[in-house]
Structures are given as C-alpha cells and as structure tokens.
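Examination of the molecular architecture
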Amino acid sequence: MMCLGKNWDPESRLYEERRRFDDARAPEIPVEFKRLVDEVLHASHVFLRQSVKHVDELPLMSPDICIVNFYSHSGRLGLHQVKLLYIQEPVFGIVF
C-alpha cells in the first residue's frame, strides 16, 4: 500500500501529515487524479439530478488522501471496509 497526500500510521490508526519514524511527507496526489475525481463526482451529480432529483448524499469534495494498492495478474482485490479506518469524512473510491 502506498499513500498519497497523507501517511497512514498503523499504531494510531490515523492519517498524518508526516511519518513518525522519519518525519517524511507522503507524495502529493497527482493533479490528474484530482481532476478525475472532480469529473466523476460531476457526472454522478448530473445522473442523480436526472434520475432521483436528490444529490445531497454525494457531497462535492477534493481528495486529500489517496491509497494506492497494486495487485499482480494473479492477485485479487478483496473486500475493503472503510469502517475500520475511523474516518469521519466522506470516502470516495475508484477501482481500476
């Protein structure tokens, strides 16, 4: 797992600006990824307005954390449950 924007600290179970053991910052989230999130959220809002006329459940946001996982051809993406991360903010996930 690689984190962009903020570092995951498994001891505190929090995302932090700097890693405790070497004071390093996580790499920045690429502008292209932030643009992709904006485009997907905008398209989702258009769809929701047309179909259910209610978009409040999907807030507009800009990502400050990005978790990158790599899976080989034989690897499998298992169920990821965000409830274990103690996050109070909305979570937006994209799987390629």
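Residues numbered from 1 in each chain as written. Predicted model: local features only at pLDDT ≥ 70, side-chain atom pairs only at ≥ 80, totals over all residues. Heavy atoms only, no water.

Under an unreviewed UniProt entry, the name given to the chain is Alkylated DNA repair protein, and the source organism is Apostasia shenzhenica. One UniProt comment on the chain, placed under Cofactor (unreviewed entry), says "Fe(2+)". (UniProt positions renumbered as here; feature names shortened; annotations may be inferred.)

If you tally the helices and strands in the chain, you get one helix and four strands. Each helix (α) and strand (β) of the chain, taken in turn from the N terminus, gives the series β-β-β-α-β. Across the 96 residues that make up the chain, the buried fraction comes to 16%. Across the chain, every contact between residues at least 6 apart in sequence was considered, and the portion connecting residues at least 24 apart equals 49%. For the chain, the exposed area adds up to about 7900 Å²; of that, 56% sits on carbon and sulfur atoms. (Helix = DSSP H or I, 4+ residues; strand = E, 2+ residues; numbered from the N terminus. Buried < 20%, exposed > 50% of the residue type's maximum accessible area, 1.4 Å probe, protein only. Contact = heavy atoms within 4.5 Å. Areas by Shrake-Rupley, 256 points an atom, 1.4 Å probe, with all protein chains shown as cover.)

The end-to-end C-alpha distance of helix H1 (residues 31-51), which contains 21 residues, comes to 30 Å, matching closely the 30 Å that a straight helix rising 1.5 Å per residue would cover. The set of residues buried in H1 consists of Val-37, Leu-41 and His-45. Around the axis of H1, the buried residues are gathered within 70° of arc, so they sit on the same side. The exposed residues of H1 that point more than 90 degrees off its buried face are Glu-32, His-42, Phe-47 and Gln-50. Residue Lys-53 follows H1 closely and has a positive phi angle near 60°. (Expected span 1.5 Å × (residues − 1). Arc of directions from axis to C-beta.)

Turning next to the confidence of the model for the chain. In the predicted model, the chain carries a mean pLDDT of 81, and 79% of its residues have values of at least 70. Averaged over each element, pLDDT in the chain is lowest for strand E4 (residues 66-68) (84) and highest for H1 (89). (pLDDT = per-residue confidence, 0-100.)

This paragraph deals with the side chain of Glu-16. With respect to the helices and strands, Glu-16 occurs in strand E3 (residues 14-16). Its relative accessible area of 18% is what places Glu-16 among the buried residues. Within the structure, the side chain of Glu-16 is placed 3.5 Å from the side chain of Ser-12, a separation counted as a polar contact. Filtering out sequence-adjacent residues up to four positions away, Glu-16 remains in contact with Lys-6, Asn-7 and Asp-9. (Polar contact = N/O pair within 3.5 Å; in protein donor to acceptor, adjacent residues only side chain to side chain.)

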